[in-house]
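Each chain, written out:
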Amino acid sequence: MASVDVDMVKCACQDCVCVIPVSKAVSRDGKAYCCDECADGHKDHAGCEHAGCACHG
């Protein structure tokens, strides 16, 4: 089977629509997130703050 290089990944947060470069992703528990807020499960009820995203935690 051939390997595939992935440059972009969707944020693992279920409410988030962000697609981010793998090199800039925040990694938690083997999953890629767009930011610390999403990776931390929105503990402070803050959204990801990326333009156009409806993620509010």
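The structure under discussion appears in the preceding block.
Residues numbered from 1 in each chain as written. Predicted model: local features only at pLDDT ≥ 70, side-chain atom pairs only at ≥ 80, totals over all residues. Heavy atoms only, no water.

To continue, consider the overall build of the protein chain. The secondary structure content of the protein chain amounts to 1 helix and 4 strands. Along the chain direction, N to C, the helices and strands of the protein chain fall in the order β-β-β-β-α. Within the protein chain, contacts between residues at least 6 apart in sequence are counted, and of these 18% link residues at least 24 apart. Surface exposure of the protein chain reaches about 4,200 Å², of which carbon and sulfur atoms provide 49%. (Helix = DSSP H or I, 4+ residues; strand = E, 2+ residues; numbered from the N terminus. Contact = heavy atoms within 4.5 Å. Areas by Shrake-Rupley, 256 points an atom, 1.4 Å probe, with all protein chains shown as cover.)

On inspection of all chains with the given rule, the structure shows 2 salt bridges. Here Asp36 makes a salt bridge to Arg28, at a shortest N to O gap of 3.4 Å. Judged by its relative accessible area of 41%, Asp36 falls in the partly exposed class. Arg28 serves as the salt-bridge partner of Asp40, at 3.1 Å between the closest nitrogen and oxygen. Of this pair, Asp40 sits in the segment after helix H1 (36-39) while Arg28 sits in strand S3 (residues 26-28), placing them 12 residues apart in sequence. (Salt bridge = Lys/Arg side-chain N within 4 Å of Asp/Glu carboxyl O. Buried < 20%, exposed > 50% of the residue type's maximum accessible area, 1.4 Å probe, protein only.)

Once that is clear, we can look at the environment of Val22. Tracing the sequence through the fold places Val22 in the loop between strand S2 (19-21) and S3. Sequence separation between Val22 and Val6 is 16 residues, and the spatial gap between their C-alpha atoms is 7.4 Å. If sequence neighbours within four positions are ignored, Val22 has contacts with Val6, Asp7, Met8 and Val9.

On to the nonpolar core, then. When a protein is soluble and globular, its nonpolar side chains tend to lie buried together. Of all hydrophobic cores here, the largest spans 14 residues; its most connected members are Cys11, Cys16, Cys34, Cys38 and Cys48. Those residues in contact with Cys11, other than ones at most four positions away along the chain, are Cys16, Cys18, Ala32, Tyr33, Cys34 and Cys38. (Core = buried A, V, L, I, M, F, W, Y, C linked by side-chain atoms within 4.5 Å.)

Summarising the element assignment, Ser23 is placed in the loop between S2 and S3. The class for Ser23 is exposed, based on a relative accessible area of 69%. In this structure the C-alpha to C-alpha distance between Ser23 and Val9, which are 14 residues apart in sequence, comes to 9.7 Å.

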